[in-house]
Every structure is written in structure tokens, then in C-alpha cells.
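Next come the chains, spelled out residue by residue.
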Amino acid sequence: AQKITQTQPGMFVQEKEAVTLDCTYDTSDPSYGLFWYKQPSSGEMIFLIYQGSYDQQNATEGRYSLNFQKARKSANLVISASQLGDSAMYFCAMREGRNSGGGADGLTFGKGTHLIIQP
Amino acid sequence: NAGVTQTPKFQVLKTGQSMTLQCAQDMNHNSMYWYRQDPGMGLRLIYYSASEGTTDKGEVPNGYNVSRLNKREFSLRLESAAPSQTSVYFCASSEAGFSGNTIYFGEGSWLTVV
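Below: a short report on this structure. (Residues numbered from 1 in each chain as written. Chains lettered and ligands numbered in written order. Predicted model: local features only at pLDDT ≥ 70, side-chain atom pairs only at ≥ 80, totals over all residues. Heavy atoms only, no water.)

Some thoughts on the pairing of strand E5 (residues 32–39) of chain A
Residues and elements named next belong to chain A.
Now for step 1: With 8 of its 8 residues buried, E5 lies for the most part within the structure.
Now for step 2: Pairing geometry for E5 and strand E10 (residues 88–96), over 8 bridges, is antiparallel. In the strand pairing of E10, Lys38 is matched with Tyr90.
Now for step 3: By the bridge criterion, 6 bridges tie E5 to strand E6 (residues 46–52) in an arrangement that is antiparallel. Residue Lys38 lies in a different strand from E6, and its bridge partner there is Ile46.
Now for step 4: The antiparallel pairing of E5 with E6 creates a hairpin that spans 6 residues between the two strands, and Gly43 there sits at a positive phi of about 105°. (Buried < 20%, exposed > 50% of the residue type's maximum accessible area, 1.4 Å probe, protein only. Helix = DSSP H or I, 4+ residues; strand = E, 2+ residues; numbered from the N terminus. Pairing = 2+ DSSP bridges.)

Okay, structure coming up:
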């Protein structure tokens, strides 16, 4: 089973509208972190926002917020007031605390959502 | 603000040739990683190093070797390149393996094997 699922391969959104990018995850580890990265056409991976499994509040960073629903194992990224520069690939990723019997450290990524902001 | 630096940025190899991708970080991080990214896929972990002198396999280690030269540097070697290794390679680093520590990436290395 995939650990990170992003069900939207591509999205078109009008400039200034809010955007929600979906992400569901699967883990039996009680300690984990959820991350969102942006990859523009230039290729670099830019860290956007982080949510810890024990965090009570949803994470926010400027125009980015993370809608964390732990019971549903959902960690959707919300971008408010979208801009043309938001056009990029967006990846959801998870880092587990390795309390459930080991396994590789590092991030497990979803396949990404290609977001295009239209003027 | 160098962060994670990897070289070369672009490389074309012939099948069977060998090469080494170099990576260095200046954030004093203990953990370092090599990922590959293929079209339509997220990044997949090749190898990682939790500290100087240790390395471990990730999801897709076959055909690769790594060396953690010191705390700053982590290299990835392709001994006999194959077309299936055509990909974009990312080096990354973070504080020690706590799930809350952000992983920071280099700018990527585009490798084509013909």
C-alpha cells in the first residue's frame, strides 16, 4: 500500500482563488511528520510547511496552511489567494519516527500534484 | 547561504561508464540522503547516512554505492551506468532522524545514460 497518496495529478486554478491540494497518508507509527514541498519548473525542492503528529494546531506559514485531520489520515495543503508564481509541482511527504520496528529514515513522497494558476 | 551543494548539475554518460555525484552541506547536519526522481513519480530514497561513517539502503539502492566521507560530504557512485539510471538525483540533509526535522535539498543533478 502506498504510504502517501496524492489523488490530483493536475489542477487548474484562477489567480487569487484559494487552492486545496489533497494528501492522505498511511502509517502505524504514532510519531511522524508531514511535509509539503514545492518544485517549480527550475527543479529545486522548496520546503513549505510541516505538521507533527502530536501537534494540536494546524500548521500555518504565510499563505500556506495545512489542514490536518489525524483520524482521517489526511494532510491537505491550502494556499490562500493563489498567485501566478504558485504554479509548480507540489509534493506531500512523510517522515516516520521509526518506532514501529525500524525502516529507512528519510521522507516518503507522494507522486505530486501539478498546479497551474491561470490569470 | 550555500545549504546543500551537489555537483555536477548535468551529466551525460554512456552505458557502462562510471561516475560519482558529489554532495556537501554546510548546516552541520548529521543525516544525509540521496534521492532519485523519475517522471510522474515523487522522490525515492536510494541511500542515507545517519552519521559520519554509517550508511544504509533506502528504497532503490541497486546499482549504486555511497560514501560518507566526513560530516559534510556524501557521495553517490554509479559503477556501471545503465539507461534505467537516467534520472534527476537530489542530495539532502537534516538534523538527526527525528520525524520533525525538516530535510533540505540540493538543486538536483540531471543524469542521462545513453
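What to know about the interface of chain B and chain A
Now for step 1: If you look at the interface, chain B gives 26 residues, while chain A gives 25 residues.
Now for step 2: Summing the contributions of chain B and of chain A, the shared interface buries around 1800 Å²; its carbon and sulfur component is 56%.
Now for step 3: The tally of links from chain B across to chain A stands at 0 salt bridges.
Now for step 4: Joining chain B to chain A, the criterion identifies 5 residue pairs in polar contact (both at pLDDT 80 or more).
Now for step 5: Elements with a minimum of two residues in the side of chain B that touches chain A: strand E4 (31–37), strand E5 (43–49) and strand E9 (87–94) of chain B. (Contact = heavy atoms within 4.5 Å. Buried area = accessible area lost by both parts, 1.4 Å probe. Salt bridge = Lys/Arg side-chain N within 4 Å of Asp/Glu carboxyl O. Polar contact = N/O pair within 3.5 Å; in protein donor to acceptor, adjacent residues only side chain to side chain.)

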